[in-house]
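# Fold and geometry: a report
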Amino acid sequence: MIIWLNGTFGAGKTTTAAELVEIVPTATIFDAEQVGFMLRHVQGLPRLGDFQHWPPWRGLVVQTATHLLDYLGGVLVIPQTVLIEKYWTEIRTGLGKAGIPLRHFLLHTDRDTLAHRIETDPVETGARQWRLEHLPQYQKALPWLRREAEVVDTSALLPKQVAEVVATKAGIGDTRTRLDT
């Protein structure tokens, strides 16, 4: 199974993914962004500003995830923002053709809480402005994201609690959500 954690930049996808692999022993993180970093070194690809615009990125993410699951088994957790519906449809369709069960979760919080989290993030300080500038693109994508993903409101939850909610909704790990911890 693949658990895809979507949401705007700075929503807590990577942190939630790390918590998820702690509570689900068969889970492994696959950072699909690394596929994009690899492709940046390929000469001849047009400079489009975002590696997701390259069709090979989307195809390679599907192929890499498929091969990783074949090799590792278990649950593959992919924390990756995808805000263009056409790109998501291509990825979802490719994984479906490969016969891979997919659970798509949108980690969401209100704009003020998100802006506060981005501005106070001690780890990704260099990405603050870039993340804030991409909030309008996220807002524009919200209608289709709400249709395509299970929304997890992270406003009042710690990352471990978000991971527990995701695990419970996906039917993996403990079926009880321990929101009191």
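Heads up: these notes are all about the structure in this document. What you are looking at is a predicted structure, and each value in this text was computed from that prediction instead of being measured. (Residues numbered from 1 in each chain as written. Predicted model: local features only at pLDDT ≥ 70, side-chain atom pairs only at ≥ 80, totals over all residues. Heavy atoms only, no water.)

## Digging into the environment of I3
Within the secondary structure, I3 is located in strand β1 (residues 2-6). The exposure class of I3 is buried, given its relative accessible area of 0%. Each C-alpha atom, one on I3 and one on I78, is 6.2 Å from the other, the two residues being 75 residues apart in sequence. Residues contacting I3, with those up to four places away along its chain left out, are L20, V75, L76, V77, I78, R103, F105, V166, A170 and I172. (Helix = DSSP H or I, 4+ residues; strand = E, 2+ residues; numbered from the N terminus. Buried < 20%, exposed > 50% of the residue type's maximum accessible area, 1.4 Å probe, protein only. Contact = heavy atoms within 4.5 Å.)

## Focus on the sheet that holds strand β2 (residues 27-29)
In spatial order, the strands read β2-β3-β1-β4-β5; together these five strands make up an open sheet with parallel pairing. Edge strands, defined here as strands with exactly one partner in the open sheet, are β2 and β5 (150-153). Direction aside, the axes of adjacent strands within the sheet are offset by 25° on average. Direction of pairing for β1 relative to strand β3 (residues 75-79): parallel, over a ladder of four bridges. Each bridged residue has a counterpart across the sheet, and for L5 the counterpart in β3 is P79. With respect to the sheet, helix α4 (residues 85-97) is in contact with β1 and β4 (102-108), its orientation differing from that of β4 by roughly 150°. Its contacts with the sheet put helix α8 (residues 159-170) on β1, β4 and β5, and the angle it makes with β4 is roughly 150°. (Pairing = 2+ DSSP bridges. Axes fitted to C-alpha atoms, helices over the stretch in contact; angles between N-to-C directions.)

## Looking at helix α1 (residues 13-23)
K13, T16, A17 and L20 are the residues of α1 that are buried. Relative to the axis of α1, the buried residues are bounded by an arc of 105° and lie together on one face. Pointing more than 90 degrees away from the buried face of α1 are the exposed residues T14 and E22. For α1, the secondary structure elements touched by its buried residues are β1, β2, β3, β4 and α8. (Arc of directions from axis to C-beta.)

## Description of the side chain of Q80
Tracing the sequence through the fold places Q80 in the loop between β3 and α4. Given a relative accessible area of 3%, Q80 falls into the buried group. Reaching out from Q80, the side chain makes a polar contact with the backbone nitrogen of E33 at a distance of 3.2 Å. Setting aside residues up to four positions removed in sequence, Q80 forms contacts with W4, L5, N6, K13, D31, A32, E33, Q52 and W57. (Polar contact = N/O pair within 3.5 Å; in protein donor to acceptor, adjacent residues only side chain to side chain.)

## Thoughts on the pattern of salt bridges
Following the criterion strictly, the structure yields four salt bridges and no others. As a salt-bridge pair, R147 and E85 come within 2.9 Å of each other at their nearest N and O atoms. Note that R147 is positioned in helix α7 (residues 135-148) and E85 in helix α4, a separation of 62 residues in sequence. Judged by relative accessible area, R147 falls into the exposed class, the value being 57%. Judged by its relative accessible area of 32%, E85 falls in the partly exposed class. One salt bridge in this structure joins E150 and R103, with 2.4 Å as the shortest N-O distance. Here E150, found in strand β5, pairs with R103, found in strand β4; they are 47 residues apart in sequence, far enough to count as distant. (Salt bridge = Lys/Arg side-chain N within 4 Å of Asp/Glu carboxyl O.)

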